[in-house]
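Chain residues, written in single-letter form:
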Amino acid sequence: MDIKGCTALVTGANRGLGKAYVDALFAHGAAKVYAGARDPATVADSRATPLQLDVTSSEQIARAVSACPDVTLLINNAGAMLATPIIAPNAEAALRAEMEVNVFGVLRMANAFAPVLARNGGGAIANMLSVVSWYVYPFNATYCATKHAALAVTNALRVQLKGQGTQVSGVYAGFIDTDMAAAVEAEKTPPAQVAERTLEGIIHGLDHVYSDVAAEDLWAIASSSPAQLEAMCQALWDAGPPTWAV
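Remember, it's a predicted structure, so these values are computed and weren't measured experimentally.

**Student:** Can you explain the pattern of salt bridges? Please cite residues and give values.
**Tutor:** Inspection of the entire model under this criterion finds eight salt bridges. Between Arg-158 and Asp-207 there is a salt bridge, and its shortest N-O distance comes to 3.5 Å. On the criterion of sequence distance, the pair formed by Arg-158 in helix α5 (residues 141-161) and Asp-207 in the loop between α6 (191-203) and β7 (208-210) is long-range, its members being 49 residues apart. Classification of Asp-207 by relative accessible area gives partly exposed; the value is 37%. One network of salt bridges, in which partners are shared, links Lys-19, Asp-23, Asp-45 and Arg-47.

Printed below as a string of structure tokens:
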């Protein structure tokens, strides 16, 4: 798909990676970008079209479909991460909250906008996933569970929407240098890099976009030696939580 001249909708577009997606889309010549945010007043980019959009709200999604009939590219970027292990007093609440955004939000948006994309020639959907779509980082296990589920949703969308000509890409990254990972003491990828690689992947029709070194390296291990990855996760847990997860 060509980004130049497209009409895109980005969820969670007011800051962090979402803002980087808006910047990258305009740099690639997008004709129009709807910047979805729970509070559209927080969208500061005057080039973008602010859109009130909470992906946990079916009503707001329905209004977005009415307001954005010209969309040819949907970027499901909105996400939630609560840094919760699977055995914890708040594990169920954390998992439900993260699922609402990371999985059901993607599901709602895809179901709502698939007919729009079909009417506009097929277009594309890019879902922001994570390296933890492939393994479980134990101190952030509920989030990992949602990204495993979001990967399955993404793969199912690709199969089901192929017939209408809609390209579906999954985007994988390690920690990204945004507010979501602000407390994490580890190497982080600039959001501009993730956005740029995502758009390049869409342009080249890639089903899977590895947007940083962490994604490339971890996919190599996950695909060739899953037992090695499981052992790494066990070692991390046995060593105790990092300061950001305490």
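**Student:** Give me the lowdown on the nonpolar core, citing residues and values where you can.
**Tutor:** Ranked by size, the top nonpolar core spans 31 residues in total, and within it Tyr-21, Leu-25, Leu-73, Ile-75, Met-128 and Val-194 carry the most contacts. Elements represented by at least two residues in this core include exactly β1 (7-10), α1 (16-27), β2 (32-37), β4 (73-76), β5 (124-128) and α6. Looking at this core, the element that brings in the most residues is α1, giving seven residues. Discounting residues that sit within four places of it in the chain, Met-128 has contacts with Leu-17, Tyr-21, Asn-76, Asn-77, Lys-147, Val-171, Ala-173, Ile-176 and Val-194.

**Student:** Account for the packing of helix α2 (residues 58-67) against helix α4 (residues 104-119), with residues named and values stated.
**Tutor:** In the contact formed by α2 and α4, the axes pass within 10 Å of each other and the chain directions differ by 20 degrees. On the basis of the axis angle, α2 is roughly parallel to α4. Handedness of the crossing formed by α2 with α4: right-handed. Residues Ser-58, Ile-61, Ala-64 and Val-65 of α2 lie in contact with α4, whose contacting residues are Arg-108, Met-109, Ala-112, Phe-113 and Val-116. Of the residues belonging to the contact of α2 with α4, the class tally is seven nonpolar, one polar and one charged.

**Student:** Describe in detail the side chain of Gln-167, supporting the description with residues and values.
**Tutor:** Along the chain, the position of Gln-167 falls in strand β6 (residues 167-172). Taking relative accessible area as the criterion, Gln-167 reaches 16% and is therefore assigned buried. Within the structure, the side chain of Gln-167 is placed 3.1 Å from the backbone oxygen of Ile-202, a separation counted as a polar contact. Setting aside its immediate chain neighbours within four residues, Gln-167 contacts Met-1, Gly-123, Ala-124, Ile-125, Gly-201, Ile-202, Gly-205 and Leu-206.

**Student:** Any details on unusual backbone geometry? Residues and values, ideally.
**Tutor:** One non-glycine residue, Ala-83, lies in positive phi territory at about 50 degrees. Within the fold, Ala-83 resides in the loop between β4 and α3 (91-102). Here Ala-83 falls in the partly exposed class, since its relative accessible area comes to 25%.

**Student:** Now, about the packing of α3 against α5: what can you tell me, with residues and values included?
**Tutor:** Where α3 meets α5, the closest approach of the two axes is 9 Å, and the angle between their N-to-C directions is 35 degrees. Of the two elements, α3 crosses α5, and the hand of that crossing is right-handed. Of α5, the residues touching α3 (which contributes Ala-91, Ala-94, Leu-95, Glu-98, Met-99 and Asn-102) are Thr-142, Tyr-143, Ala-145, Thr-146, Lys-147 and Ala-150. Its residues assigned to classes, the contact of α3 with α5 comprises seven nonpolar, three polar and two charged.

**Student:** Explain the environment of Pro-242 residue by residue, including any values.
**Tutor:** Secondary-structure assignment places Pro-242 in the segment after α8 (226-239). Judged by relative accessible area, which is 22%, Pro-242 ranks as partly exposed. Note: C-alpha distance between Pro-242 and Leu-53 (189 residues apart in sequence) is 34 Å. Apart from residues lying up to four places away in sequence, Pro-242 is in contact with Tyr-137 and Phe-139.

Rules of the game
Residues numbered from 1 in each chain as written. Predicted model: local features only at pLDDT ≥ 70, side-chain atom pairs only at ≥ 80, totals over all residues. Heavy atoms only, no water. Salt bridge = Lys/Arg side-chain N within 4 Å of Asp/Glu carboxyl O. Helix = DSSP H or I, 4+ residues; strand = E, 2+ residues; numbered from the N terminus. Buried < 20%, exposed > 50% of the residue type's maximum accessible area, 1.4 Å probe, protein only. Core = buried A, V, L, I, M, F, W, Y, C linked by side-chain atoms within 4.5 Å. Contact = heavy atoms within 4.5 Å. Axes fitted to C-alpha atoms, helices over the stretch in contact; angles between N-to-C directions. Parallel < 35°, antiparallel > 145°, perpendicular 65-115°, else oblique. Left-handed = near helix turned anticlockwise from the far one by under 90°. Nonpolar A, V, L, I, M, F, W, Y, C, P; charged D, E, K, R; others polar. Polar contact = N/O pair within 3.5 Å; in protein donor to acceptor, adjacent residues only side chain to side chain.

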